[in-house]
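For reference, the chains in residue letters:
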Amino acid sequence: MSVWVILGPGEMPPASGGLALLAEARRLTEPAGEVTVVLAGTAVPVEASAAHGAARILVLDAADGWAGPIVAVEALTDRLRQECPEACLLSASRWGSEVAGRLAARLGAALLPGCVGLTRDGAGRLEGTRPVYGSRLVARVAATGESLQIVTLRPGSESSSPGTGHGPATAERIPCTGRPDWIRDLGEEQVPPEALDLGEADVVVAGGLGVGSRQGFALVEELAGLLGGAMGATRMAVDAGWAPFARQIGLTGRIISPRVYVACGISGSPHHMDGVRQAQLVVAINTDRHAPIFTYADVGIQGDVREVLPALIAALRRLRPEARDAAALLGGAAGMPRPLDARR
Ligand SMILES: Cc1cc2nc3c(=O)[nH]c(=O)nc-3n(C[C@H](O)[C@H](O)[C@H](O)COP(=O)(O)OP(=O)(O)OC[C@H]3O[C@@H](n4cnc5c(N)ncnc54)[C@H](O)[C@@H]3O)c2cc1C
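None of these values were measured; they are calculated from a predicted model.

(A) Quick peek at the sheet that holds strand β15 (residues 299-302). Pairing within the open sheet is parallel, and its five strands lie in the order β12-β11-β13-β14-β15. Both outer strands of the open sheet, β12 (230-233) and β15, are each paired with one neighbouring strand and no more. Each neighbouring strand pair of the sheet contributes to a mean axis angle of 15°, computed without reference to strand direction. Bridge count between strand β14 (residues 281-286) and β15: four bridges; the pairing is parallel. Of the residues in β15, the one forming a bridge with Val 283 is Val 299. The strands that helix α5 (residues 214-226) touches are β11 (203-207), β12 and β13 (260-264); relative to β12, the one it contacts most, it runs at about 145°. Each of β13, β14 and β15 touches helix α9 (residues 305-317); the most contacted strand, β14, lies at about 130° to it.

(B) Structural context of the nonpolar core. The biggest cluster of nonpolar side chains holds 50 residues, and the ones touching the most others in it are Leu 60, Leu 76 and Ile 150. Considering every element that reaches this core, the biggest residue donor is helix α3 (residues 69-83), with six residues. Apart from residues no more than four positions distant in its own chain, Ile 150 is found in contact with Cys 88, Leu 90, Ala 100, Leu 103, Ala 104, Ala 109, Ala 110, Leu 111 and Leu 112. In this structure, Val 220, Val 260, Val 308 and Ile 313 belong to the second largest nonpolar core, which totals 30 residues.

(C) Representation of the site of the ligand in the model. With respect to spatial proximity, 26 residues lie near the ligand, and among them Leu 209, Thr 234, Thr 252, Ser 267 and Asn 286 are the closest. Between Leu 209 and the ligand, the recorded distance is 2.7 Å, taken from a backbone N or O atom to an oxygen atom. Between the ligand and the protein, one listed contact pairs a nitrogen atom with a backbone N or O atom of Val 305 at 2.9 Å. A molecule is said to occupy a pocket when more than half its atoms come within 2 Å of that pocket's grid points, and by this definition the ligand occupies the second largest pocket. When residues of the shell around the ligand are traced back to their parent elements, those giving at least two are α6 (235-239), α7 (270-273) and α9. Looking at the shell around the ligand, its residues break down into seven nonpolar, 15 polar and four charged.

(D) Geometry of α3. In this model α3 runs 20 Å from its N-terminal to its C-terminal C-alpha over 15 residues, within 8% of the 21 Å that 1.5 Å per residue would give. The largest bend along α3 reaches roughly 35° and is located at Leu 76. Residues of α3 that are buried include every one of Pro 69, Ile 70, Val 71, Ala 72, Val 73, Ala 75, Leu 76, Thr 77, Arg 79 and Leu 80, and no others. A positive phi of about 45° marks Cys 84, the residue just after α3.

(E) Geometry of the layout of surface pockets. Its volume calculated, the second largest pocket comes out at about 420 Å³. Lining the second largest pocket are 25 residues, with Thr 234, Met 236, Ile 266, Ser 267 and Ser 269 positioned closest to its centre. Elements with a contribution of two residues or more to the lining of the second largest pocket: α6, α7, β14 and α9.

(F) Here's a closer look at α5. The terminal C-alpha atoms of α5 lie 19 Å apart, and with 13 residues this matches the ideal 18 Å at 1.5 Å per residue to within 8%. Turning to α5, its buried residues are Gly 216, Phe 217, Val 220, Leu 223, Ala 224 and Leu 226. Residues of α5 that are buried in the fold lie against β11, β12, α6, β13 and α9. Of the residues flanking the end of α5, it is Gly 228, one or two places downstream, whose phi is positive at about 70°.

Conventions adopted
Residues numbered from 1 in each chain as written. Predicted model: local features only at pLDDT ≥ 70, side-chain atom pairs only at ≥ 80, totals over all residues. Heavy atoms only, no water. Pairing = 2+ DSSP bridges. Helix = DSSP H or I, 4+ residues; strand = E, 2+ residues; numbered from the N terminus. Axes fitted to C-alpha atoms, helices over the stretch in contact; angles between N-to-C directions. Contact = heavy atoms within 4.5 Å. Core = buried A, V, L, I, M, F, W, Y, C linked by side-chain atoms within 4.5 Å. Buried < 20%, exposed > 50% of the residue type's maximum accessible area, 1.4 Å probe, protein only. Near = heavy atom within 4 Å. Polar contact = N/O pair within 3.5 Å; in protein donor to acceptor, adjacent residues only side chain to side chain. 1 Å grid on protein atoms, 1.4 Å probe; cavity = no way out; pocket = protein on both sides within 12 Å on 5 of 7 lines; lining within 4 Å. Sits in = over half its atoms within 2 Å of the grid points. Nonpolar A, V, L, I, M, F, W, Y, C, P; charged D, E, K, R; others polar. Expected span 1.5 Å × (residues − 1). Bend = angle between axes of the 7 residues up to and from the residue. Points joined across faces, edges and corners; volume = space filled by probe spheres on them.

Shape is all these values report; function is a separate question.
Next up, the structure:
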């Protein structure tokens with residue numbers, strides 16, 4: 001089986017998302033298949049991709065240094081038509097989802113979007129699983145026919161075992177010419193250093209309606225900062241104006257896969273938990289002992305966030321920064337469980 005892994009900005013090795021997709025491709029192509037990796041930019045660590053199982057590397061030589069979705073699709077369409085791999089894997093990131101959708105439309109390919117698991121049959125046809133109806137059900141989807149299969153995988157759902165080497169990799173540059181003039185750059189905005197990307201964060205501390213106010217959210221943000229993590233929010237907290245939409249986690253927000261997720265004043269609705277399925281250790285703080293969040297939690301603290309958060313913050317401040325390991329401090333006897341998804 002021949003599989004292409006198409007990696008966008010921020011997903012290229014050594015970023016964990018890119019390495020995990022490469023590992024997944026290696027798993028699918030074993031024992032005799034081949035993985036081709038496409039890197040959507042010129043400043044790329046070719047060696048890192050080779051060491052993780054890419055037999056061949058294609059680099060999109062875009063004028064701007066990295067290829068936006070439309071530029072990437074323009075550059076790859078003919079190449080995919082000529083080479084006819086059986087499958088392409090992309091991250092279900094904004095970049096990956098847009099490229100996957102456009103390529104599928106161009107090539108008449110079967111698109112399996114937002115999968116959390118992937119298997120293949122003996123004929124090389126893929127079957128994906130993905131949560132539906134607010135994660136109440138898991139749907140199984142399969143590509144029919146002989147067409148190219150394009151799959152986007154939610155971050156954190158790929159095989160965690162690292163890929164192994166597969167012979168020397170060669171890097172070939174694909175020129176990106178003829179940028180479509182119907183796309184216009186409107187400029188770039190600097191992301192503040194404290195606005196850690198939710199999708200990549202190792203630790204996420206999120207607040208819900210139970211946090212009570214914008215001032216209460218400052219405590220959520222402070223705890224996240226002390227643990228070296230990112231701040232997140234429920235839709236109710238975003239609707240209340242306590243956090244920006246970019247921080248929303250869940251069905252209509254971001255999908256996260258942190259090592260540690262701390263839920264402060266969050267009830268644990270399926271719409272919210274849909275974005276947290278890949279968290280490994282869940283810590284919940286809630287006044288209501290019957291709150292659904294406690295059914296997901298590895299560590300539950302029944303208490304008022306207005307008391308618990310200041311106490312946690314004060315305790316962390318007393319520790320040296322290098323001693324503030326969220327999993328060790330908050331996980332305690334719970335250790336490091338598997339992702340929520342795998343525990344159902
Ligand atoms: C189509 C659709 C899509 C949606 N998408 C999303 C989404 O992407 N993300 C999302 O989050 N939601 C989403 N929602 C909304 C979702 O259904 C829930 O309404 C929302 O997640 C609840 O947010 P919450 O937990 O902050 O609030 P609540 O459900 O009101 O829970 C607040 C919790 O705080 C606790 N609490 C109260 N005071 C304190 C205190 N002082 N200390 C500690 N605990 C306290 C309460 O016991 C309660 O459990 C969506 C809804 C729909 C219909």
